[in-house]
Amino acid sequence: MEQKRKKRTGVLLIQLGTPDSPTKSDVKTYLNEFLNDPRVIDYPYLKRKLLVNGIIIPFRVKESAKIYKELWDLSGGVSPLLKYTESKTKLLQERFDKTEEDVTVHMAMRYRKPSMESVLEEMRKENYDKIIIFPLFPHHASATTGTAIEKAVKIISKWWVMPEISTVNDFYDHEAYIDAMVERTKEFDISSYDRIMFSYHGLPDQHVDKVYDDGLCTDQPCETEINQKNKLCYKAQVYATTRALADKLGLKESDYTVAFQSRLDKNWLEPFSDKVIEKWAKEGAKRVLAFSPAFVADCLETLVEIGVEYDEDFRALGGEKVQLVPSTNDHPRFIDCLEDLVRERL
Ligand SMILES: C=CC1=C(C)c2cc3[nH]c(cc4nc(cc5[nH]c(cc1n2)c(C)c5CCC(=O)O)C(CCC(=O)O)=C4C)c(C)c3C=C
Ligand SMILES: [Fe+2]
């Protein structure tokens, strides 16, 4: 009898992407690719072009390049987002190298390099039986998970031979992801902080409203429950992560605040993290512990926005310290999470 052939699986870990370097020209190229994505700035083509290329990029690029330079300086001359995506890929591969399964782990960035086109072309040549598209975002958003899956599927759909395809849509409540965040907290004495913030990347209100066929996100109980209607709503998922984390950290609801950072304009999810920090400083708070669970790798938004800018603003108003809890990065418990999510799909 013929021996059963072993199934070959290729995993594609996808991160958001980062500029090639912190120069103005590389940051401009990155912002141009990123912000012209219709799932990110969801306006009709001409309106988006005018807004992004006529207003946002010209007004933003100088400041963005400056903060990217700060990030590179803080992180040894590399993008931490790229560095940690590479180390996650290597560590996950090592897990599968020790097993019977034939699994190869690749990584790509949705914007810039390594590009999804080039990595998926390598994967096509491998002739995998199955491809697992794995965006590295715990919370589902059209601007992150959605665009990564759409692009991968668009590229694969042009192949002559189609492999089996599986996707990871979210992992906001995966036990190992929550545990990895909790492990990161162990180097801090939570009881020594007078305020605790869970600061998530923001989203325009209209992005969460578009999850619902009738009504708005604010009509839903997203802050207190996940249900059939809001299960893929970013806001509902970040609150669910917060409840799971608070539970494991032994925090009561009154001990912490959920807030949203990195907005481009005022019609984004509220409360805004920077405003909350400002209010706390004015109330006389001295020490803030800030978690940023939407990011599974440290990046501009964690190391510079929270770790430097919020800290400076807080001190300027009389506070002592905004302490960032590092992202899960390549913590072994987070690699457990990745392994688990792949294994469930083999
Ligand atoms: C964690 C999930 C993310 C969501 C949701 C998200 C939405 C979103 N972001 C922008 C605009 C910008 N984001 C920028 C940086 C950035 N964003 C994420 C993740 C999410 N974004 C990451 C991981 C990073 C950092 C990348 C790095 O290189 O370290 C930037 C660039 C920086 C800046 O100029 O401030 C912009 C711009 C929008 C418009 C959006 C949803 C609509
Ligand atoms: Fe962003």
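Residues numbered from 1 in each chain as written. Chains lettered and ligands numbered in written order. Predicted model: local features only at pLDDT ≥ 70, side-chain atom pairs only at ≥ 80, totals over all residues. Heavy atoms only, no water.

**Comments concerning the site of ligand 1**
So the rule is basically this: Near residues are defined by distance, with any heavy atom within 4 Å of the molecule or strand qualifying the residue. Throughout this description, a polar contact denotes any pair of N or O atoms lying within 3.5 Å of each other; where both atoms belong to protein, one of them has to be capable of donating a hydrogen while the other can accept it, and for residues adjacent in sequence the pair is counted only when both atoms sit in side chains. What counts as a helix is a DSSP run of H or I of at least four residues, what counts as a strand is a run of E of at least two, and both are numbered from the N terminus. In this document the domain limits rely on a domain assignment from an automatic tool or a database.
The environment of ligand 1 is made up of 25 residues, and the closest members are T18, R60, S64, Y68 and H201. Here R60 contributes a side-chain N or O atom positioned 2.8 Å from an oxygen atom of ligand 1. Between Y68 and ligand 1, the recorded distance is 2.8 Å, taken from a side-chain N or O atom to an oxygen atom. Contributions of two or more residues to the shell around ligand 1 are made by helix 1 (24–35), helix 2 (45–74), helix 5 (142–156) and helix 10 (300–316). Split by domain, the residues of the shell around ligand 1 number at least three in each of domain 1 (8–171 + 332–343) and domain 2 (188–324).

**Brief notes about the side chain of S21**
This is how it is decided: Contact criterion: two residues are considered in contact whenever any of their non-hydrogen atoms come within 4.5 Å of each other.
Tracing the sequence through the fold places S21 in the loop between strand 1 (8–15) and helix 1. Within the structure, S21 has its side chain in polar contact with the side chain of T23 (distance 3.2 Å). Other than its neighbours up to four places away in sequence, S21 contacts D26, V27 and W72.

**Overview of the packing of aromatic side chains**
Quick note on the threshold: Each pair of aromatic rings taken from Phe, Tyr and Trp, with Trp reduced to its six-membered ring, is defined by centres within 6.5 Å and is described as stacked if the planes are under 30 degrees apart, edge-to-face if over 60, and tilted in the remaining cases. Here the term buried applies to any residue with accessible area under 20% of the maximum for its type, exposed to any over 50%, and partly exposed to those in between, with areas from a 1.4 Å probe on protein chains only. By definition here, charges over rings are those cases where NZ of Lys or CZ of Arg is within 6 Å of the ring centre and within 35 degrees of the ring normal.
Under the counting rule described, the total for this entry stands at 10 aromatic pairs. Between Y30 and Y68, the aromatic rings sit 6.1 Å apart at their centres with planes inclined by 90°, giving edge-to-face as the arrangement. You can see Y30 sitting in helix 1 and its partner Y68 sitting in helix 2, a full 38 residues away along the chain. Each member of the pair, Y30 as well as Y68, carries the same accessibility label: buried. Cluster of aromatic residues (ring-pair linked, three or more members): Y30, F34, Y68, W72 and Y111. Positioned above the aromatic ring of F272, the side-chain terminus of R263 is 4.0 Å from the ring centre.

**What to know about helix 2**
Each full turn of the α-helix corresponds to 3.6 residues, which orients residues three or four apart in the same direction. Counted only if it meets this: Take the number of residues in a helix, subtract one, and multiply by 1.5 Å to get its expected span. A residue's bend is given by the angle between axes fitted to the 7 residues ending at it and the 7 residues starting at it.
Taking 1.5 Å of rise per residue, 30 residues should cover 44 Å, yet helix 2 covers just 37 Å from first to last C-alpha, more than 12% shy of that figure. A maximum bend of about 50° is found in helix 2 at V61. For helix 2, the full list of buried residues reads R48, V52, I56, I57, V61, S64, A65, I67, Y68, L71 and W72. Where helix 2 is buried, its residues contact helix 1, helix 3 (80–97) and helix 10. Immediately downstream of helix 2, the backbone of G76 shows phi near 70°, a positive value.

**Quick look at the side chain of S75**
One can find S75 in the loop between helix 2 and helix 3. Relative accessible area serves as the criterion here: at 13%, S75 is assigned to the buried category. A distance of 2.7 Å separates the side chain of S75 from the backbone oxygen of L71, its partner in a polar contact. Sequence-distant contacts of S75, defined by excluding residues within four places in its chain, comprise P80 and L303.

**What to know about the confidence of the model for the protein**
This is how it is decided: As a per-residue measure, pLDDT reflects the predictor's confidence and takes values from 0 up to 100.
When the pLDDT values of the protein are averaged, the result is 97; 100% of them are 70 or greater. As a predicted assembly, this complex carries a pTM of 0.97 together with an ipTM value of 0.97.

**Points about the UniProt feature "binding site: Fe(2+)" (unreviewed entry) in the protein**
Rule in force here: UniProt positions are given in the numbering used here, feature names are shortened, and annotations may be inferred rather than shown by experiment.
Sites flagged by UniProt as "binding site: Fe(2+)" (unreviewed entry) map to H201 and E301. These annotated residues cover 101 residues of sequence, but their C-alpha atoms sit close together, with the largest distance between any two at 8.0 Å. Inspection of the secondary structure puts H201 in strand 5 (residues 195–201). In this structure, H201 is in contact with Y234, F260, Q261, S262, W268, A294, F295 and E301, ignoring residues within four places of it in sequence. Positionally, E301 belongs in helix 10. Non-local contacts of E301, meaning those with residues more than four positions away in its chain, are made with H201, Q261, S262, F295 and I306.

**Some thoughts on the domain arrangement of the protein**
Heads up, the rule is: As a working definition, buried area equals the accessible area (1.4 Å probe) given up by two parts on being put together, with both sides summed. Salt bridges are counted wherever a side-chain nitrogen of Lys or Arg sits within 4 Å of a carboxyl oxygen of Asp or Glu.
Examined at the domain level, the protein breaks down into domain 1 (8–171 + 332–343) and domain 2 (188–324). Centre-to-centre, using C-alpha coordinates, domain 1 lies 23 Å away from domain 2. On the side of domain 2, 22 residues touch domain 1, which itself brings 28 residues to the contact. For the domain 1 and domain 2 pair, buried surface summed over both sides reaches about 2,000 Å², with 65% attributable to carbon and sulfur atoms. When the buried area of domain 1 at its contact with domain 2 is split by residue, D42, H139 and H140 rank highest and sum to 30% of it. With a closest N to O distance of 2.7 Å, K210 and D42 form a salt bridge. One can count 9 residue pairs in polar contact (both at pLDDT 80 or more) joining domain 1 with domain 2.

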